[in-house]
Amino acid sequence: MFSKTIVITLLLVTAAGAASTLDIQLGLTQFHTEKRFQSQWGGYYYYSFYNNRGYVSNVNYELAFSNWAVALDMRALIFPGSSNSVAIYADVNAPYYFSKAPVRIYASPGLGYNHTEKRIPILAAPPGQTKRDYFRFPVAFGVKAVSGTKYLDIRYRIAAEFPVSENNARDFYLEQTIEGEFGWAFAKHFGMTAKAGAVRGNYAITINTGDYAPPYVAYAQVAPSIYF
C-alpha cells in the first residue's frame, strides 16, 4: 500500500509541472475509388475513378513538459458508400524536442492499435463484414514554430502496421502522413486548431482506394482546444 501511495504521489507531482491540452477535431476527407470495366472486345480492363467524401475525427490529449511530452491520439476514419468501412486508431506518442521556442524540432515515436471493419455489398457472396486488427508502430518528425499564443506545426509520420493474427490478412502496411496544424490560444483555457494533410498506405485506405486509384487521401479538420 505504501509503495502504491509513493507511485501515485510521484505521478501527481510530475503532472503538476506539466501543461495539458485536449483537442477535439472534426473534418472531411477526399478519396478516390476505382471501378473496373472489361472491354467489350475482351482481353483487357479499363478503370474509372470516382471522387468520394469521407469523414475523419480526432481526440488528442497531450501532457507537455519542458522538452518532451506524452500524447494520446484517438482517430476515426470513415469511408461511406455501399461497401463502406470504419477504422478506429489509438496511438500513444512521446514527442521529444531538440530545440526551444520559437522553433522546436522534434521526433515522436509511439505505439498504437487499429481496428477496421468493412461492409461487404449485399450482392457479394456471402454478404457481411470483414474485420481486421493491426498493431501500429508510428514515428513522426516535425518542426513547431511558436509565436506568442499561436503555433504552426508541420510534421511527417510513418506508421508500420502488423496484423494481430493471421486471419488471411496481408502481413504489413506502411502508413505515410504529411500534415500541417495551426493553433491559437485566444483565452486562458480555450483555443482552436485547424489541420490539413494527406495520408496513404494504411490498411483502411488501401482496401478503399484500390490498386490503380490515386493513393493519397486528403483531409482537413477544425477543432476547439481546451487547456489545463
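Quick note: structure is the one above.
We now turn to the structure provided with this report. (Residues numbered from 1 in each chain as written. Predicted model: local features only at pLDDT ≥ 70, side-chain atom pairs only at ≥ 80, totals over all residues. Heavy atoms only, no water.)

**A few points about the pairing of strand β11 (residues 217-227)**
- Where burial is concerned, the two faces of β11 differ: the one with Val217, Tyr219, Gln221, Ala223, Ser225 and Tyr227 is buried and the one with Ala218, Ala220, Val222, Pro224 and Ile226 is not.
- Pairing of strand β10 (residues 190-200) with β11 involves ten bridges; the strand directions are antiparallel. By the bridge assignment for β11, Ala198 is matched with Ala218. (Buried < 20%, exposed > 50% of the residue type's maximum accessible area, 1.4 Å probe, protein only. Helix = DSSP H or I, 4+ residues; strand = E, 2+ residues; numbered from the N terminus. Pairing = 2+ DSSP bridges.)

**Remarks on the side chain of Arg104**
- For Arg104, the location among the structural elements is in strand β6 (residues 103-120).
- Nearest to the buried, unbridged Arg104 among oppositely charged side chains is Glu62, at 8.1 Å.
- Within the structure, the side chain of Arg104 is placed 2.8 Å from the backbone oxygen of Ser66, a separation counted as a polar contact.
- Not counting residues within four places of it along the chain, the set of residues in contact with Arg104 comprises Ser66, Asn67, Tyr97, Ser99, Gly142, Val143 and Lys144. (Lys, Arg positive; Asp, Glu negative; His and termini not counted. Salt bridge = Lys/Arg side-chain N within 4 Å of Asp/Glu carboxyl O. Polar contact = N/O pair within 3.5 Å; in protein donor to acceptor, adjacent residues only side chain to side chain. Contact = heavy atoms within 4.5 Å.)

**With respect to the pattern of salt bridges**
- One pass over the structure, following the stated rule, counts ten salt bridges.
- Two residues, Asp91 and Arg136, come together in a salt bridge whose shortest N-O distance is 2.9 Å. Highlighted residues: Asp91 in strand β4 (residues 85-93) and Arg136 in strand β7 (residues 128-147), separated in sequence by 45 residues. Comparing Asp91 with Arg136 shows no difference in burial state: the two are buried.
- Here Lys131 makes a salt bridge to Glu117, at a shortest N to O gap of 4.0 Å. Taken together, the positions of Lys131 in strand β7 and Glu117 in strand β6 put the pair 14 residues apart, joining distant regions of the chain.
- You can call Lys131 partly exposed: its relative accessible area is 44%.

**Section: the nonpolar core**
- With eleven residues, the main nonpolar core is built from Phe31, Val56, Leu77, Phe79, Ala87, Tyr89, Val199, Ala204, Ile205, Val217 and Tyr219.
- Among the secondary structure elements, those contributing two or more residues to this core are β3 (69-79), β4, α2 (203-209) and β11. (Core = buried A, V, L, I, M, F, W, Y, C linked by side-chain atoms within 4.5 Å.)

**Digging into the packing of aromatic side chains**
- Within this structure, the stated rule accounts for eleven aromatic pairs.
- Each ring, one from Tyr134 and one from Tyr173, has its centre 5.6 Å from the other, and the planes form 85°; the classification is edge-to-face. One end of the pair, Tyr134, is in strand β7; the other, Tyr173, is in strand β9 (residues 173-184), with 39 residues separating them in the sequence. Tyr173 carries the same exposure label as Tyr134, and that label is buried.
- By the ring-pair criterion, three or more aromatic residues cluster together here, those being Tyr134, Tyr173 and Tyr203.
- The cationic tip of Arg75 hangs over the ring face of Tyr89; the distance from NZ or CZ to the ring centre is 4.1 Å.
- Directly above the aromatic system of Tyr216 lies the positively charged group of Arg200, at a separation of 5.2 Å from the ring centroid. (Phe/Tyr/Trp six-rings, centres within 6.5 Å; stacked < 30°, edge-to-face > 60°. Lys NZ or Arg CZ within 6 Å of the ring centre and 35° of its normal.)

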